[in-house]
Amino acid sequence: MKAKHYTLFWLLFNIAAGLYIYSFNSEIYTYTPPFGETSLSLPVAIWSLVPLFFFFVLSLCLILLGKAQSLWEEYHSKKDRELLLRQILAQASEKEFKGEFKTHTFKSISKILRRFKLIAQPHTPLSDDEEIDSLIEASSKIAQGEVVDLKRFHLPYTASLNLQNQLNRLKIDPKSALEILKKTEAPDSLKKIALLSLFEFGEEKEIRKYQNLIPLDKELAKALLGAYQAKRLKLGFDEIASLGKKALFEARDYLGLAKELKGSLEPDSWLKLFEVLAEKHEAVEEAYLYVLLELEMIEVAKERLGAHSKEDFPKIRAFLELRKSGLSYPAEIFFF
């Protein structure tokens, strides 16, 4: 019951009670305080209402106190709701959230939410929060391959939404790889993709600057050798040998490299490269034999094979036996 309604009820009730009592007893009673000289004379009906007045004041105070408590809880519930929305936005954005909830209900919900990873779901009904809806819309666009301006959300650079946005930008503009490689906070996974893009489209100066930014693996080494093959990067034979060693190239990797460089290098350079590589790494032997056979250096290949066990390189030995019998097949089909 609202305070004004309670007050109105009390007034009507007291008027009715006073009139009722007055109809039975209309006498006047005089009250003189123990330590005062002034006395107060009022009808008995009014004196009988004095205890009701004190009861009214006490009960009204309790009503107002309850109302104040209700308003206080409503205020904190509103603030906690806004704080919870900020937590949801922070978790969906992979940002650190700091906030203290005042109400038990929202505090409990907050603890539960902290144990989950929140992922924006597009094509769902709009929420009551414009910023959350904007984030979901941005997430949907990024998922479709678009590039979105995410500055307003203040996302950490390593947030998955931001990283996907960077990848979308790389696909549209390979030159943006340089921006990524300058970011110290960029994770190695993103730097690797940026390096692959740089090795594919960049110039030698840019490639040289960033080629050792992260540990080299096979994919990066092959992309770097692709730049060498495309004449956008100069590499010495020893440097190529070092790349293969760092990237842990195996025999099939060197054989693949030999096939890719077949039409890119002059025959003498092609031969010299794999001669140098074979001296440094045993895994290059098959690739070197492939080069020798492609260049019709049959005797050198036989001499090289003589240094190995008869069980080694059976396909190459079969090729040489066919050639000895007068049958000619492309060496390519014996190397796969």
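A few points on the structure. (Residues numbered from 1 in each chain as written. Predicted model: local features only at pLDDT ≥ 70, side-chain atom pairs only at ≥ 80, totals over all residues. Heavy atoms only, no water.)

**A few points about the nonpolar core**
- Core analysis: the largest hydrophobic core is formed by 59 residues, its most contacted members being Leu195, Ile240, Leu261, Trp270, Phe274, Leu277 and Leu293.
- Those residues within four positions of Leu261 in sequence are excluded, and the remaining contacts are Tyr228, Gln229, Trp270, Leu273 and Phe274.
- One finds Leu85, Leu89, Ile132 and Leu150 within the second-largest nonpolar core, a separate group that totals twelve residues. (Core = buried A, V, L, I, M, F, W, Y, C linked by side-chain atoms within 4.5 Å. Buried < 20%, exposed > 50% of the residue type's maximum accessible area, 1.4 Å probe, protein only. Contact = heavy atoms within 4.5 Å.)

**Re the pattern of salt bridges**
- The final tally for this structure, using the stated rule, is 15 salt bridges.
- Lys280 is paired through a salt bridge with Asp238; the nearest N and O atoms lie 3.7 Å apart. Of the two residues, Lys280 is situated in helix H13 (residues 267-280) and Asp238 in helix H11 (residues 237-246); the sequence distance between them amounts to 42 residues.
- For Asp238, a relative accessible area of 52% puts it in the exposed group.
- Among the charged side chains, a network of salt bridges with common partners joins Lys218, Lys222, Glu250, Arg252 and Asp253. (Salt bridge = Lys/Arg side-chain N within 4 Å of Asp/Glu carboxyl O. Helix = DSSP H or I, 4+ residues; strand = E, 2+ residues; numbered from the N terminus.)

**Notes on the side chain of Asn165**
- For Asn165, the location among the structural elements is in helix H6 (residues 160-172).
- The class for Asn165 is buried, based on a relative accessible area of 2%.
- Those residues in contact with Asn165 that lie beyond four places of it in its chain are Ile142, Glu146, Val147, Val148 and Leu150.

**Considerations on a nonpolar patch on the surface**
- Together, Val50, Phe53, Phe54 and Val57 make up an exposed nonpolar region whose accessible area comes to about 340 Å².
- A residue is classified by how much of its surface remains accessible, and Val57, at 32% relative accessible area, is partly exposed. (Patch = residues over 30% accessible without salt bridge, like charges linked within 9 Å, V, L, I, M, F, W, Y side chains within 5 Å. Areas by Shrake-Rupley, 256 points an atom, 1.4 Å probe, with all protein chains shown as cover.)

**Side note on helix H12 (residues 251-261)**
- Among all positions of H12, only Asp253, Tyr254, Leu255, Leu257, Ala258 and Leu261 are buried.
- The inward-facing, buried residues of H12 abut helix H10 (218-229), H11, H13 and helix H14 (285-294).

**Things to note about unusual backbone geometry**
- Look at His154: it is not a glycine, yet its phi comes out positive at around 50°.
- Mapped onto the elements, His154 comes out in the loop between helix H5 (130-143) and H6.
- The backbone phi angle of Lys231 is positive, close to 70°, even though this residue is not glycine.
- Mapped onto the secondary structure, Lys231 falls in the loop between H10 and H11.
- A relative accessible area of 59% means that Lys231 is categorised as exposed.

**Remarks on the environment of Tyr157**
- Tracing the chain through its elements places Tyr157 in the loop between H5 and H6.
- Residues Tyr157 and Lys95, spaced 62 residues apart in sequence, show a C-alpha to C-alpha distance of 9.9 Å.
- With sequence-adjacent residues up to four places away left out, Tyr157 is seen in contact with Asn162, Leu163, Gln166, Ile180, Lys183, Glu185, Ala186 and Leu190.

**What about the packing of aromatic side chains?**
- In the structure shown here, the tally under the stated rule is four aromatic pairs.
- Ring plane angle 35° and centroid distance 6.3 Å describe the contact between Trp72 and Tyr75, whose orientation is recorded as tilted. A residue pair is termed a helical-turn pair when its members lie 3 or 4 positions apart in one helix, as Trp72 and Tyr75 do in helix H3 (residues 50-92) at three residues.
- Judged by its relative accessible area of 45%, Tyr75 is partly exposed.
- For the ring pair Phe249 and Tyr254, a centre distance of 5.4 Å and an interplane angle of 75° mean the geometry is edge-to-face. (Phe/Tyr/Trp six-rings, centres within 6.5 Å; stacked < 30°, edge-to-face > 60°.)

**Thoughts on helix H4 (residues 104-113)**
- Every buried residue of H4 is accounted for by Phe106, Ser110 and Leu113. For H4, the angular spread of buried residues about the axis comes to 65°, placing them on one side. Those residues of H4 that are exposed and aimed more than 90 degrees away from the buried face are His104, Thr105 and Lys111. (Arc of directions from axis to C-beta.)

**Digging into the side chain of Thr103**
- Tracing the backbone through its elements, the reader meets Thr103 in the loop between H3 and H4.
- Classification of Thr103 as buried rests on a relative accessible area of 16%.
- In this structure, Thr103 is in contact with Glu73, His76, Ser77 and Asp80, ignoring residues within four places of it in sequence.

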